[in-house]
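# Breakdown of the fold
As a plain string of letters, each chain reads:
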Amino acid sequence: MIKEDLIYEILSVVEEIPGGRVASYGQIARLIGRDKNSRLVGKVLSMAEYYGRYPCHRVVNHAGRTAPGWREQRLLLEDEGVEFRKNGCVDMKRFQWDA
């Protein structure tokens, strides 16, 4: 079971990601001082709807790949001006949040 304070710590970082930018799971893990816990970040984000409304669509993997099975994620990012490379991944050099 994940402690509730850790869940809200992760979600508060996600809430800070500005529109038109993305962060990686590992980047969020580093920002909360848990460098090796990027999978934990992904698990928390998969349950985020139970804790309120957060811009989880702005979180991608380190290569810029969107979450499998969440087709709307790309559309939400494109609506914010995020561009994708030909391989279908976010251009992390241009759109990664500089936190």
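Going by the structure above, here's the rest.
Below or above, wherever it landed, is the structure these notes cover. Here the structure is a predicted model, which means the values were calculated and not measured. (Residues numbered from 1 in each chain as written. Predicted model: local features only at pLDDT ≥ 70, side-chain atom pairs only at ≥ 80, totals over all residues. Heavy atoms only, no water.)

### Thoughts on the packing of aromatic side chains
Enumeration over the complete set of coordinates arrives at 1 aromatic pair. Judged by centre distance (5.4 Å) and plane angle (90°), the rings of Tyr 8 and Tyr 51 are edge-to-face. Linking Tyr 8 in helix 1 (residues 4–16) with Tyr 51 in the loop between helix 3 (38–46) and strand 2 (59–60), this pair joins segments that are 43 residues apart in sequence. Classification of Tyr 51 by relative accessible area gives partly exposed; the value is 24%. The ring of Phe 84 is capped by Arg 74, whose NZ or CZ atom sits 4.2 Å from the centre of that ring. (Phe/Tyr/Trp six-rings, centres within 6.5 Å; stacked < 30°, edge-to-face > 60°. Helix = DSSP H or I, 4+ residues; strand = E, 2+ residues; numbered from the N terminus. Buried < 20%, exposed > 50% of the residue type's maximum accessible area, 1.4 Å probe, protein only. Lys NZ or Arg CZ within 6 Å of the ring centre and 35° of its normal.)

### A closer look at the pattern of salt bridges
Per the stated rule, a full pass over the model turns up 3 salt bridges. Here Glu 80 and Arg 58 are joined by a salt bridge, their closest N and O atoms 2.7 Å apart. One end of the pair, Glu 80, is in the loop between helix 4 (72–79) and helix 5 (92–95); the other, Arg 58, is in the loop between helix 3 and strand 2, with 22 residues separating them in the sequence. The class of Glu 80 is partly exposed, set by a relative accessible area of 25%. Taking the shortest distance from any N to any O, the salt bridge between Glu 78 and Arg 74 comes out at 2.9 Å. Here Arg 74 and Glu 78 lie together in helix 4, a separation of 4 residues that amounts to about one turn. Owing to a relative accessible area of 35%, Glu 78 belongs among the partly exposed residues under this scheme. (Salt bridge = Lys/Arg side-chain N within 4 Å of Asp/Glu carboxyl O.)

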